[in-house]
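Notes for the structure review
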Amino acid sequence: MFEKLQSKIPTLLQAENLSTDEKLKELCLFLKNEIPYYDWVGFYFRNGEKEELKLGPYAGAPTDHEIIPFGKGICGQVALSNSNFVVPDVSAQDNYIACSISVRSEIVVPLFVNGKNIGQIDIDSETPDPFSEADERFLEFVNREVAKIL
Ligand code: SME
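Residues numbered from 1 in each chain as written. Predicted model: local features only at pLDDT ≥ 70, side-chain atom pairs only at ≥ 80, totals over all residues. Heavy atoms only, no water.

1. With respect to the overall build of the protein chain
Put simply, the rule reads: Counting from the N terminus, the helices are DSSP H or I runs at least four residues long and the strands are E runs at least two residues long. Each radius of gyration reported is based on C-alpha atoms, and the globular scaling rule is 2.2 Å times the count of residues to the power 0.38. With a 1.4 Å probe rolled over the protein chains alone, any residue whose accessible area is under 20% of its type maximum counts as buried; one over 50% counts as exposed, and the rest are partly exposed. We call two residues contacting when some pair of their heavy atoms lies within 4.5 Å. All accessible areas in this document rest on Shrake-Rupley with a 1.4 Å probe, and a residue is counted as covered only by the protein chains that are shown. Note on charges: Lys and Arg go in the positive column, Asp and Glu in the negative column, and His and the chain ends are not counted at all. A charge is said to be at NZ when it belongs to Lys, at CZ for Arg, at CG for Asp and at CD for Glu.
A tally of helices and strands in the protein chain yields 4 helices and 6 strands. Along the chain direction, N to C, the helices and strands of the protein chain fall in the order α-α-β-β-β-α-β-β-β-α. At 14 Å, the protein chain has a C-alpha radius of gyration in line with the 15 Å of a compact globule built from 150 residues. By principal-axis analysis of the C-alpha atoms, the protein chain measures approximately 40 × 35 × 25 Å. Here the protein chain holds 150 residues, and the buried ones make up 45% of them. Counting only contacts in the protein chain whose residues sit at least 6 apart along the sequence, the fraction spanning at least 24 positions is 50%. Accessible area for the protein chain stands at about 7800 Å²; split by element, carbon and sulfur atoms hold 48% of it. Computed over 14 positive and 24 negative side-chain charges, the separation of the two mean positions in the protein chain equals 5 Å.

Rendered as structure tokens:
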């Protein structure tokens, strides 16, 4: 499944008539629609020089968490760790920010531009424990492609 999706992403991100935010929004919608257990897909980016993340383009239910301080929640932890964070069961996490009670699991993968962690892709799922290493490799690919247009 991921190989086929991967081949479509460069074209999607090169759409000439779209702004960067529009391209990222299209990408979020694409991932949410194509992968059955991706129920919310969004980007967070570092908010200028502040020690916080700001919500970028996303697909899925609106969230109250437009700003997340570094260190807070899964997203804020990834801003500091520079590492993927796979959460098979969100109820087992102490440092977690709930966006919706229907969310069971989450994966966050940092986005690097010139080696610098400038944001992340965040996926919420209503399925328990759905993410494998294939998701991690796929989302790392997605972020490398996104980095090229930022
Ligand atoms: N659950 C995230 C917050 C962002 S929402 O999932 C959209 C976290 O714990 O950082």
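Following the structure, the description resumes.
2. Some thoughts on the site of the ligand
Short version of the rule: Proximity is defined per residue: any heavy atom of the residue falling within 4 Å of a molecule or strand makes that residue near it. Pairing of N or O atoms within 3.5 Å defines a polar contact, subject to two protein rules: one partner must be a possible hydrogen donor and the other a possible acceptor, and residues neighboring in sequence count only if both atoms are side-chain atoms.
Taken together, Trp40, Tyr44, Ile68, Gly73, Ile74, Cys75, Tyr96, Ile97, Cys99, Glu106, Asp122 and Asp124 are the residues near the ligand. In the model, a nitrogen atom of the ligand is placed 2.8 Å from a nitrogen or oxygen of the glutamate 106 side chain. Take aspartate 124: an N or O atom from its side chain is 2.8 Å from an oxygen atom of the ligand. Contact with the protein chains hides 100% of the accessible area of the ligand, taken as 310 Å² for the molecule alone.

3. Examining the packing of helix α1 (residues 2-13) against helix α4 (residues 133-147)
For any two helices packed against each other, one specifies the inter-axial angle together with the distance between the axes. Our working definition: Orientation is described by lines fitted to C-alpha atoms, with helices fitted over the stretch in contact, and by angles between N-to-C directions that extend from 0 to 180 degrees. Angle categories are assigned with fixed cut-offs, so that under 35 degrees is roughly parallel, over 145 is roughly antiparallel, 65 to 115 is roughly perpendicular, and the rest are oblique. By definition, any crossing whose near helix is turned counterclockwise from its far helix by less than a right angle is left-handed, and any crossing with a clockwise turn is right-handed.
Running from amino to carboxyl end, α1 crosses α4 at an angle of 15°, the nearest separation of the two axes being 10 Å. With respect to each other, α1 and α4 are oriented roughly parallel. The two elements α1 and α4 cross, and the hand of that crossing is right-handed. Where α1 abuts α4, its residues Phe2, Leu5, Gln6, Ile9, Pro10 and Leu13 lie against Ala134, Asp135, Phe138, Phe141, Val142, Glu145 and Val146.

4. Here we look at empty space enclosed by the protein
Let me state the cut-off plainly: With a 1 Å grid spanning the protein atoms alone, the term cavity applies to any set of points in which a 1.4 Å probe fits but cannot get out, the term pocket to an open set with protein on both sides within 12 Å along at least five of seven lines, and the term lining residue to any residue with an atom within 4 Å of a point. Grid points are joined across faces, edges and corners, and a volume is the space filled by probe spheres set on the points. Amino acid classes used here: Ala, Val, Leu, Ile, Met, Phe, Trp, Tyr, Cys and Pro are nonpolar; Asp, Glu, Lys and Arg are charged; the rest, including Gly, are polar.
Per the counting criterion, the structure on display carries 1 cavity of 30 Å³ or more. Counted as a void, the largest cavity has a volume near 100 Å³. Residue lining of the largest cavity: 14 residues in total, with Cys75, Ile97, Cys99, Glu106 and Asp122 positioned closest to the centre. Within the residue set of the lining of the largest cavity, elements represented by two or more residues are β1 (40-46), α3 (73-81) and β6 (116-125). Among the residues making up the lining of the largest cavity, the classes are represented as 8 nonpolar, 2 polar and 4 charged.

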